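Summary of the model geometry
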Amino acid sequence: MPPQKLSLLDVWRRNRTTRLKKPKELKICPRQLPLLRDPEVAASLARQNVKLVGLLPPSGTDVFRRLTPESLAEIQRRAAEGKREQKERERKKEEEEKEEERPKPSRHLEAGKVLPFVYEDPPPEMLNVPLEDLDPFYKTQKTFNVITQGNAIFRFNAEPACYILSPFSIVRRGAIKLLLHSFFRKFVMITILLNCVFMTFSDRWLFHQAEYAFIAIYAFEALVKVLSRGFCIGPFTFLRDPWNWLDVLVLVFAVLNELIVLDGLLCMFQALKIIPLIPGLRATAGALIQSVRKLASAVILAVLGLCFLAIIGIDFFMGTLRQRCVHLPASSIVLDFNDTAAFDYPGNSSFSFSEYINRLENHYYLPGQLDSLLCGNISDAGRCPEEYTCLETLFNPNYGYTSYDTFGWAFLSVFRLMTWDFWENLFQLTVRSSGVSSVIFYAVALFLGSLCLVGLILAAVVAAYAEQNEAAVAEAKQKEREHRKILQELKKREAKCVERQKKKEEESNGSGPSALDQDKPEHVPRPCLQGWNKFASVFLKWNCCPQWVTFKKWVHFVVMDPFVDLGITIVIIVNTIFMAMEHYPMTAEFEQMLSIGNLVFIGILTAEMVFKIIAMDPYYYFQVGWNIFDSIVVMLGLLELMLADIEGLSVLRSFRLLRIFMLARFWPLFNMLLKIIRNAVVAVRHLTLLLVLVVFVSSVVVMQLFSGSYRDCVCRIAQDCELPRWHAADFFHSFMLVFRILCGEWIETLWDCMEVAGQPLCITVFITILFIGNLLLLNLFVALLLTSFSGDNMAAIDKGGEMNNLQIAIGRITRSSNKQGVVTDSSHRSMAEAACKPGAEERVGIEEEPKQRDPPDCFSEACSKRCPCLRVDITQGSGKMWWKTRRSCYAIVEHSSFEAIIIVVIVLSSIALAFEDINLEHRRVLKILLEYADQVFAYVFIVEMLLKWMGYGLKTYFTNPSCWLEFLIVTGSVPSITVYMLGRTGLGALRALRPLRLLSKFDGTRVVLTTLWRATPPIFSVLLVLLTFWLVFAICGINLFAGKYYYCFNTTDEERFHIDEVNNKSDCMELIMMNYTEVRWVNVKVNFDSVANGYLALLQVATFKGWMDVMYAAVDTRMVEDQPLYEDNVYMYLYFVTFIIFGSFFSFSLFIGVLIDNYSQQKAKFGNIFMTEGQQKQRPKKQKPIPRPSNRLQGRAFDLVTKPAFDIFVMLMICLYALSLMLKRADHSAEVDTILQFVHLGFVFFFIVECLLKIFGLRQHYFTVGWNVFEFIVVLFFIVDIILTEFGLPHVSLPFILRALSLIRYARGGVRNLLSSLRMSLPALFNLGLLLFIIMFVYSVFGMWNFAYVGRMAGIDDMFNFETFGSSMLCMFQITTLAGWDGILFPLLNTPPDCDPDAFNPGSDVMGNCANPPLGITFMCSYIIISMLIVVNMFIAIILESFSVAATVGTDHLCEEDMEMFYETWERFDPEASQYVDYSQLSDLCDSLQAPLRIPKPNTAKLIAMDLPIAPGDKVHCLDILVALASEVFGDSGEMDALKESMEESFRVKYPSKVSQEPVTTTLKRKQEEVAAGVIQNAYRKHLLKQSGKQDKREGPPEKGGQAAEEYPANNGVQPLGVSMADQPPDAMEMQPLMSPVEDELHAAQV
């Protein structure tokens, strides 16, 4: 059976339940180790397949033996014999052994690993000296071992190093001891660290002077390695280790650096030398390098997808980003250039139109923009202001690097889309120049292109990491099993020894203890030092007098009560609230209140600590970790109070934040977060260290390569010729630059780099850092997920699952409050029982109605109990009429037409909402029509609600969430009707929720909503924990930056004053008092003046949108109310770096982990969680093989088009066609365009011929393949294009580009699996896309109703705003990926004087252009949480889930076409339809089938293992074979049960009457009988030969003609062991042993 591939959720569940022992736990008592070499124990363990014991030498020999000249000679002799045997085998041309049967080195004794637990610790004299190799594999090879302190194994080549130094040379032995000494390794490590420190120096002379010393040390290290290992000849020499090549590269580049400048590469290799010095880091780096191969398919698919998108971008937007608003020339010049003849005359040199439009001073610029305003010449594109016109220039935006004019820049643009970096700028530019229709391209590129490609890459990373993790877990489990078996065997052995010892004692009548008992280790805790025990007894255990003991017991009784912990928890929460109440500015009274509160809180916490110390004694108090933490917090609080008046020590206020972490003691979820972070950091420490190393190396390389360019060419990127905030002139800024790249913000810094240092080098360095850094980040993200929720981690967390004192106290309160409730409930029980009796009788009468489903009860049981009048007799009178009315209403609402009508009404009402924009007042007819339509919709919804009340009853109606939503919408429609009846106009705000009703009308969205609803509790729980975690950073931000973001601003120049002009707020207020109206003392809108503002600032930093402005303001801060200074506090960047690492990355990992954990539980309980049952059943059907035509000419065409070589040729032509599309440029000459047109016609001709040839050869079957239909349609477009071009008519070029998409058809291997996973996830993606669209629609309508008149600034302009539904949808589409939400939020935060509340809005009664900041923040943050943190993460989860599902289904899927293929093949072997075939034909039958049922030859052993029933006459039944083959495909999965039913059904269709015979045996049983017969034959032959005295020494059968052969025939009617049951010669068989020889003999004995 092929290996089943696991999905992410399967890996997640397995990882969550797997709990492995740590290596230090796999120990064996030293006194038991000699028993492992006992022959009986070794033989017993060998039978149990315990391989570790096989590594030990036989009993009687030393485990560790020195390497001596004699032993080396013996090794050389064995090596020579091995070579001679190998040559002899080659000479005899014997078959090579299979790969799995060849001897391999032991994984437990690999170089660098620690001695396995079956070995005892080597004696001290055996350390750091050459020893004979412990691995049996190397017994015939010239190697030896050296074991160091810590039992680490190292392997060396026994050949003379450099042909001079033998293993016994003093020089070589000294080099080995020096190389393996821990001091030497630490010395080299310290040298590398010092070298890294010198790399960060900006003083190049000092760096170069120190470099010589470092190079000398590295050369000495390399010399020691060469002397100890040899250079390159033989295994385990210097150059055979790839990590030693770093030493070679360092020395080579050090020499070359004297000739040419190679500081960057030299520093990179020097820093990377630290990797092989740390074993864990070396292993992590090696595993990461191995995992890169797994990403090949995903990277290839991503590159192909980006190339395809780039080609579409070239065709759609080539040259459009050059269109700028240019000022119209003077009237006289206009006449000249409108005169075409005069303008074309060569002598007309008075005016150059091309020069005029390309002068930047003639372009229109928006304030604060470096590029002129873009525009378009279509109706829905951006427009120019008056006196300006839209013309195509020579300039592209962003230094000319943003365009679709060539394939290279187009590829960079779509790659920018894939990484979601500042794509909103590209989107806005394209929409402004090409119109709103370009949204379609970006929607496809972002969701079907970017999101899916990133998801598939992440899936490949998960698959690679999971595969490595599975291998490591399997190896660890194998060690645990072997350790368990060894312990069990040793226990048995010891039990036997004890029995023997007892017998000896009984015989000798000895009374003393046995030797075995004396050897038993005593498990006594390690005693403390004698002096410490005396000190602890006197000073740390307070039991001085009886009165004190009594007082201590009383204090213990009070302090340890759960209600005290409840009180402390309340104190901590109130203290946290007090800390969160700090803001700027605060009044003196409020600040004094907070100060007094802090004194009270620190007093309470101090009293708690003192009383707990009294109650528990210091000796026991400080043995609890939480008590130690509490005491530290209290001590820091007291220290802050004592040093409060000392200036400069206000930083101690930050230690108050540690009190928040005291909640983790009583809050299990918060405690789990801290434990997960702690355990995850420990688990991924090496991967984290590798990431830090990569960041450091990248920072050094960037600084070495670009520091000079930034200093020399800074005027190209800064008008004031001052270094920008992001540069590489020094190490710190270079580090921040690399950190920004890893955060996904790379394109803007790349523009600056290309401008100062050139394009090729900058693109190479930046993309390399982006790829390596994101690869490490993805691996770290996956590792954090899996290790955070691993079995060991969850077990450690579950250990603290017992109730704490807080839960006990709350339980007491709950139990006491429930006592009264229990009494009241019991008092109503009798009334309920009495009231239910008539109801039961009434129900009997109802059930007598035939063929009519009864509506549910109208009221709940509680209402019926309290109001017995609600129960009526429905069998007569008005009750019967009431019941008939309810049944009629129930029938109406249950009818499918009613549901369809309601869906239509909801859709129409939603469309009507989209017309209520800012222009509605100008369209009086439309407004009246919408008002009437709104009344109609409202009445329809009211009638629907009343019908459902009557049909479903109030109980069912108000227990359904969708009905509650309907009730709220109807409630919102009632005011609209009321206002209209009063003669006024007004529209209800709750009507914007009407589109949400569609969520419950579609099955797909209903499934997604159900999944979200089930995941709501853990989502809100983890959000609450993360808000608490963020609160620490918010309060810390208040302490650092509150009141420091203010600055004095000149509104005329739109610049802030320098500190030489305005130093603080007082200076600014003086200017204001002097009637300088343009001067204002303003604050940054997103700041840290309060906790609420701090949360908003941290959200912008966490989403990397708007974080630049927040950080810029932070690094410019000085003191409170001081004018900021450019980068005066530059190291405040580290605050944001810390938050991004812990508050963003770790928090995001935890959120995703909780989400996936909930999904895994839902999938285990409910199955698929993102698709409906119908969508789950939609599986791609296999294509039937197309029959070859009988016509000779068509047959040749068929043979041609079905050959793999033809597909390869077509694929090559498609690649060349795609390459021709990539050659298009915006500045092509007419000759180049003509050449490309002829090339295009040549490809068109080829594709037409290919299509006609396939149609001719495949006939009507051509159109049964989807790709063929697609190619046929493209060919039709080719023909139509030729006709339209001939007549000069416009045409569409998209189908020609889609022809290159058919390249996917020829994808193979991993790329095909990825495409299959994408195809299988399309239904779920559609469900989520529909959900996202409805949410986007609702928010667009809500934004249009509330923010339509907000002033245009920042992210809101003439095209992106909330004035109309279309522009509102543009904004929401952009925010869906978090792009530019800060720019749209900025105007929503405007309050006077930043806006004018009395501004006049033409055509509307609404006054002002201000917004409502709380509403705007709520609007934006809620949409971000819904769209990004839920929907986008569900997208990724679906793709990860379908990744391995597609791989499994692609190989293991079995459909009806496969069964038909089986029966077609069966008819050739069973032409008489007997339903049976001979057993001898089984091998040929299975080989003749097609995948996935085919079992290719040699297949005898596999067919025997299937255990097929054999009927009389050596016949095998058809259905038995089909079921067995299907079982080979599916194994024991749950799909096999359902598949058996379908196979039986298909068999009944094929053979209506089943012919069945009782089986006499099975294939496996027959083979066992043959093996048993062979064993009996051999034994009997040996017996006869022994009697005759002619026994052959060999164990094979005797030669022909002997006495035994005469008395017992060679075959005797029974096939020997090597004969195939399929009548095949023995040489053609693939015979795998089904059991061991011991098992064969046991089975033969039973037979």
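Here the structure is a predicted model, which means the values were calculated and not measured.

How each quantity is defined
- Residues numbered from 1 in each chain as written.
- Predicted model: local features only at pLDDT ≥ 70, side-chain atom pairs only at ≥ 80, totals over all residues.
- Heavy atoms only, no water.
- Pairing = 2+ DSSP bridges.
- Helix = DSSP H or I, 4+ residues; strand = E, 2+ residues; numbered from the N terminus.
- Contact = heavy atoms within 4.5 Å.
- Axes fitted to C-alpha atoms, helices over the stretch in contact; angles between N-to-C directions.
- Buried < 20%, exposed > 50% of the residue type's maximum accessible area, 1.4 Å probe, protein only.
- Salt bridge = Lys/Arg side-chain N within 4 Å of Asp/Glu carboxyl O.
- Patch = residues over 30% accessible without salt bridge, like charges linked within 9 Å, V, L, I, M, F, W, Y side chains within 5 Å.
- Areas by Shrake-Rupley, 256 points an atom, 1.4 Å probe, with all protein chains shown as cover.
- Lys, Arg positive; Asp, Glu negative; His and termini not counted.
- Charge placed at Lys NZ, Arg CZ, Asp CG, Glu CD.
- Disulfide = S-S within 2.5 Å.
- Parallel < 35°, antiparallel > 145°, perpendicular 65-115°, else oblique.
- Nonpolar A, V, L, I, M, F, W, Y, C, P; charged D, E, K, R; others polar.

1. Section: the sheet that holds strand β8 (residues 1079-1082)
Strand order in the open sheet formed by three strands is β7-β6-β8, and the pairing between neighbours is antiparallel. Edge positions in the sheet fall to β7 (1055-1056) and β8, since each has one partner strand and no second. As paired elements, strand β6 (residues 1047-1050) and β8 share four bridges and run antiparallel to each other. Following the sheet pairing, tyrosine 1047 is matched in β8 by valine 1082. Where helix α36 (residues 1065-1073) meets the sheet, it contacts β6 and β8, and its direction lies at approximately 145° from that of β8.

2. Digging into helix α38 (residues 1107-1115)
In terms of residue burial, α38 counts as a mostly covered element, since eight of its nine residues are buried. Taken together, the buried positions of α38 are occupied by Trp1107, Met1108, Val1110, Met1111, Tyr1112, Ala1113, Ala1114 and Val1115. Looking at the buried side of α38, the elements it contacts are α25 (731-742), α35 (1003-1041), α37 (1091-1103) and α39 (1133-1166).

3. Digging into the sheet that holds strand β2 (residues 143-147)
Strand order in the open sheet formed by three strands is β1-β2-β3, and the pairing between neighbours is antiparallel. Pairing within the sheet leaves two strands with one partner each, and these edge strands are β1 (131-132) and β3 (153-157). In this sheet, β2 lies alongside β1 in antiparallel orientation, the contact comprising two bridges. From the neighbouring strand, leucine 131 faces β2, where its bridge partner is asparagine 145. Set on the sheet, helix α4 (residues 170-180) makes contact with β2 and β3; between it and β3 the angle comes to about 150°.

4. Points about the pattern of salt bridges
In the structure shown here, the tally under the stated rule is 48 salt bridges. Measuring nitrogen to oxygen at the nearest pair gives 2.7 Å for the salt bridge that ties aspartate 630 to arginine 665. Of this pair, aspartate 630 sits in helix α22 (residues 625-642) while arginine 665 is found in the loop between α22 and α23 (668-683), placing the two residues 35 residues apart along the sequence. Owing to a relative accessible area of 6%, aspartate 630 belongs among the buried residues under this scheme. Of the charged contacts, one joins lysine 1567 and glutamate 1570 as a salt bridge, the two residues approaching to 4.0 Å between their closest N and O atoms. One end of the pair is lysine 1567 and the other is glutamate 1570, both in helix α56 (residues 1563-1588) and three residues apart, which spans about a single turn. Exposure class is identical for lysine 1567 and glutamate 1570. Each is buried.

5. Topic: the pairing of β6
Here β6 shows two buried faces, one formed by Tyr1047 and Phe1049 and the other by Cys1048 and Asn1050. Both β6 and β7 contribute to a ladder of two bridges, which runs antiparallel. The residue of β7 that forms the bridge with phenylalanine 1049 is arginine 1056. The hairpin formed by β6 and β7 contains four residues between the paired strands, and glutamate 1054 there has a positive phi angle of roughly 55°.

6. What about the side chain of asparagine 425?
Positionally, asparagine 425 belongs in helix α15 (residues 423-434). The class for asparagine 425 is buried, based on a relative accessible area of 16%. What asparagine 425 contacts, discounting residues up to four positions off in sequence, is Asn398, Arg416 and Trp751.

7. What about a positive patch on the surface?
Residues Lys492, Lys496, Arg500, Lys503 and Lys504 make up a contiguous surface patch of positive charge. Among the secondary structure elements, lysine 492 is positioned in helix α16 (residues 439-508).

8. Description of the state of the cysteines
Across all of its chains, the model carries six disulfides by this definition. A sulfur-sulfur separation of 2.1 Å characterises the disulfide bridge that pairs cysteine 375 with cysteine 390. A torsion of 95° about the S-S bond marks the disulfide between cysteine 375 and cysteine 390 as right-handed. Here cysteine 390 lies in strand β5 (residues 388-392) and cysteine 375 lies in the loop between α13 (353-357) and β5, a separation of 15 residues in the sequence. Note on accessibility: cysteine 375 and cysteine 390 belong to one class, buried. The closest cysteine sulfur to the non-disulfide-bonded cysteine 267 is located on cysteine 196, 8.7 Å from its own sulfur. A residue is classified by how much of its surface remains accessible, and cysteine 267, at 1% relative accessible area, is buried.

9. Quick notes on the packing of α23 against α35
In the contact formed by α23 and α35, the axes pass within 10 Å of each other and the chain directions differ by 70°. Comparing their axes, α35 and α23 come out roughly perpendicular. Residue-level inspection shows Leu669, Phe670, Leu673 and Ile677 of α23 in contact with α35, the latter providing Ser1021, Val1022, Val1025, Thr1028 and Phe1029. Each residue belonging to the contact of α23 with α35 can be placed in one class, and the counts come to seven nonpolar, two polar and no charged.

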